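Observations on the model geometry
Next come the chains, spelled out residue by residue.
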Amino acid sequence: MTSTAPYWGTGPMASHQMQSTGAFTSVATRRNFGQNHVSATPPPSTLPAAQQASNPSAAAAKAKRDWPESVRLYVQRAFASENNIPGINREELETKLKQVISDSAESNTLLTVDWANKPLPQHMISDERHQTIYFNQNPPWGNGVAPLNIHDTNTRSTDSPSKKRKSSDLESSQNGHQKVPPWHLANNRVVFEDRITHPDKRQRTDFGGKSSSKSHQAKNKKRFEDGLAGYVSPKQPFTPSQRSTPPHEMDQGPVIGRCQDLEKKYFRLTSAPNPDTVRPLPVLERTLDLLKRKWKKENNYSYLCDQFKSLRQDLTVQHIKTEFTVDVYEIHARIALERGDLGEYNQCQTQLRALHSQHLGGHPEEFKAYRILYFIHTCNRTDMNNALADLTPEEKKVPAIKHALETRSALALGNHHRFAQLYLSTPNMGAYLMDMFVGRERLAALSNMCLSYKPAIKLRFFTEELGFESDDESARFICDHGGQAFLEDREGEVMILTSKAGRFFEATRQAAFQKVDIKGQI
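Definitions and cut-offs
Residues numbered from 1 in each chain as written. Predicted model: local features only at pLDDT ≥ 70, side-chain atom pairs only at ≥ 80, totals over all residues. Heavy atoms only, no water. Helix = DSSP H or I, 4+ residues; strand = E, 2+ residues; numbered from the N terminus. Buried < 20%, exposed > 50% of the residue type's maximum accessible area, 1.4 Å probe, protein only. Contact = heavy atoms within 4.5 Å. Areas by Shrake-Rupley, 256 points an atom, 1.4 Å probe, with all protein chains shown as cover. Core = buried A, V, L, I, M, F, W, Y, C linked by side-chain atoms within 4.5 Å. Axes fitted to C-alpha atoms, helices over the stretch in contact; angles between N-to-C directions. Parallel < 35°, antiparallel > 145°, perpendicular 65-115°, else oblique. Left-handed = near helix turned anticlockwise from the far one by under 90°. Nonpolar A, V, L, I, M, F, W, Y, C, P; charged D, E, K, R; others polar. Expected span 1.5 Å × (residues − 1). Pairing = 2+ DSSP bridges. Salt bridge = Lys/Arg side-chain N within 4 Å of Asp/Glu carboxyl O. Phe/Tyr/Trp six-rings, centres within 6.5 Å; stacked < 30°, edge-to-face > 60°.

**Things to note about the overall build of the protein**
- A count of helices and strands for the protein gives 22 helices and 3 strands.
- Within the protein, buried positions represent 37% of all 522 residues.
- Intrachain contacts of the protein at a sequence separation of at least 6 include 71% that bridge at least 24 residues.
- Roughly 30600 Å² of accessible area belongs to the protein as shown, and the carbon and sulfur atoms make up 52% of that amount.

**Digging into the nonpolar core**
- By size, the foremost hydrophobic cluster in this structure holds 52 residues, and its most contacted members are F308, Y345, I372 and L433.
- Not counting chain neighbours up to four residues away, the residues in contact with I372 comprise M384, L388, L391, I401, A404 and L405.
- Within the second largest apolar cluster, 17 residues are counted, among which are L443, A445, F462 and F468.

**Side note on the packing of helix α14 (residues 364–378) against helix α15 (residues 381–390)**
- Running from N to C, α14 and α15 point in directions that differ by 160 degrees, and their axes come no closer than 9 Å. Classified by the angle between their axes, α14 and α15 sit roughly antiparallel to one another. As for the relative orientation of α14 and α15, their crossing is left-handed in sense. The residues of α15 that touch α14, namely those facing I372, F375 and I376, are D383, M384, A387 and L388.
- Here the residues of the contact of α14 with α15 sort into 6 nonpolar, no polar and 1 charged.

**Overview of helix α5 (residues 90–106)**
- Taking 1.5 Å of rise per residue, 17 residues should cover 24 Å, and α5 covers 24 Å from first to last C-alpha, within 8% of that figure.
- Taken together, the buried positions of α5 are L93, E94, K96, L97, V100, I101 and S104.
- One or two steps after α5, the chain reaches N108, where phi turns positive at roughly 55 degrees.

**Digging into the sheet that holds strand β3 (residues 493–496)**
- Ordered by their spatial adjacency, 3 strands build an open sheet running β1-β3-β2, and the pairing between neighbours is antiparallel. One side of each edge strand has no neighbouring strand; the edge strands of this open sheet are β1 (457–458) and β2 (487–490).
- When β2 meets β3, the two strands line up antiparallel, connected through 4 bridges. Bridge pairing in β3 links L487 to I496.

**Here we look at the side chain of E395**
- Mapping E395 onto the fold places it in the loop between α15 and α16 (399–413).
- Overall, the relative accessible area of 14% leaves E395 in the buried class.
- Other than its neighbours up to four places away in sequence, E395 contacts K368, D390 and I401.

**Concerning the pattern of salt bridges**
- This model, assessed by the stated rule, comprises 19 salt bridges.
- Of the charged contacts in the structure, one is a salt bridge between E441 and R440, with a shortest N-O distance of 3.4 Å. Per residue, the accessibility class of E441 equals that of R440, and both read buried.

**Observations concerning helix α19 (residues 438–452)**
- Between its first and last C-alpha, α19 extends 21 Å over 15 residues, near the 21 Å set by a 1.5 Å rise per residue.
- Of all 15 residues in α19, 11 are buried; the element is thus mostly enclosed.
- Within α19, burial applies to V438, R440, E441, R442, L443, A444, A445, L446, S447, M449 and C450.

**Details of the packing of aromatic side chains**
- Taken as a whole and assessed by the stated rule, the structure comprises 12 aromatic pairs.
- Arranged with centres 6.3 Å apart and planes meeting at 50 degrees, the rings of Y345 and Y374 form a pair that is tilted. In this pair, Y345 sits in helix α13 (residues 342–357) while Y374 sits in helix α14, placing the two residues 29 residues apart along the sequence.
- Accessibility expressed as a relative area gives 0% for Y345, which makes it buried.

**Considerations on the pairing of β3**
- Pairing between β1 and β3: 2 bridges, direction antiparallel. In the sheet register, K458 faces β3, and the bridge partner there is M495.
- Linking two consecutive strands that pair antiparallel, namely β2 and β3, is a turn of 2 residues; a positive phi of about 55 degrees is found at E491 within it.

Written out as structure tokens, the structure reads:
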């Protein structure tokens, strides 16, 4: 009786036994890469030498599986860990690798391709992504058609500050621009109609087979390359001559205004500025004097903000950067601070930083102090460190900057008594900025007092430590934050029950520090 190998038998012996008994018919192994697996070396043949000699088809299959050594090294390099690119997973890599080698095999160029210098699949995927991003941001129909984009944030001013404290935030307006879609252009009508699939075209495509599909792909590829005529790979050094600049992005030179109106509403530009609606510098100087008089007389912030934005826009489109520009931005920044408009204040502060670096005059030390106080308000440690690193030893001795640095130091050390003293002696208009975060710092101090002084402290002590003007003001502060239950009258003295209020004010402090308004941040 003839014995056969068990069905779980593996290896050459088991394979030989099953072949000798005719238990199965040999099937040639797959000659291309699988969808979910790519091997660095093609699988070796498991047929015995005698059967390969007697079976020409098996020998031919083996010959096709003998990949060139250069291809094997290319596959190994593709899966080497040092060639991995973040963001490209293994599945994408295998798919691209399969496509590259399969295309070369179909075109019989496996032996002629320089596999040692051929880009790896992950690099091809990365380049394709960069090309797609550039094409989306710079479509071919955007050249010479998109509207002009003019930003209106540039200017400053010098004026004596007033000291009223309020808070409100308005978002800064930002300019955007839209590109004209291709179907609005006469020279792109053919391209657009080519995208429409008519019934007769659909029938020809269905019966045309592979050739029609390839011609369509070639047409799309040519259209894509035409749109990327100026594309530069991120691995190559960029030179200005490699990319054409759209006309609306070119520097067309300053506009010379001819308008003589002192007052003009602000309109966001969507095209090139018209000189007939732009005021020249002498008119702008008279406009600034008029706005200062109206602010002192009428105190209408909505009107004034609109007029200042219009004034700044006229300065921008005429490329005017002088001491007058600095004055305009400084005055607008101070007025925005007075009304608690951080959005407009930050627009002005951003431009003032650039203008002050050009030494055009103004008050750079004053606004550097404002920047430090603003970063305290927003808890922005990174920008705070950058601002401190930019200060020179001479600037640190300026009273306004020295005060801002001492305020930062007092809060960093938890010295709330010193902070209260600095709050009451703030120079210039820094008090408007300190008003935005003094409340949360007082809550932090009250929370610490509840942990340090038990079972109760006098309300008068709390008033003097944190710089309140009276006991009524400090009691109102506690009640406004829901702590009226922890106030108690004992023999004519108002006491704060710190032993009971500790957890409550700690939770209130945490909530206050979570709500930091950074609207329009620099």
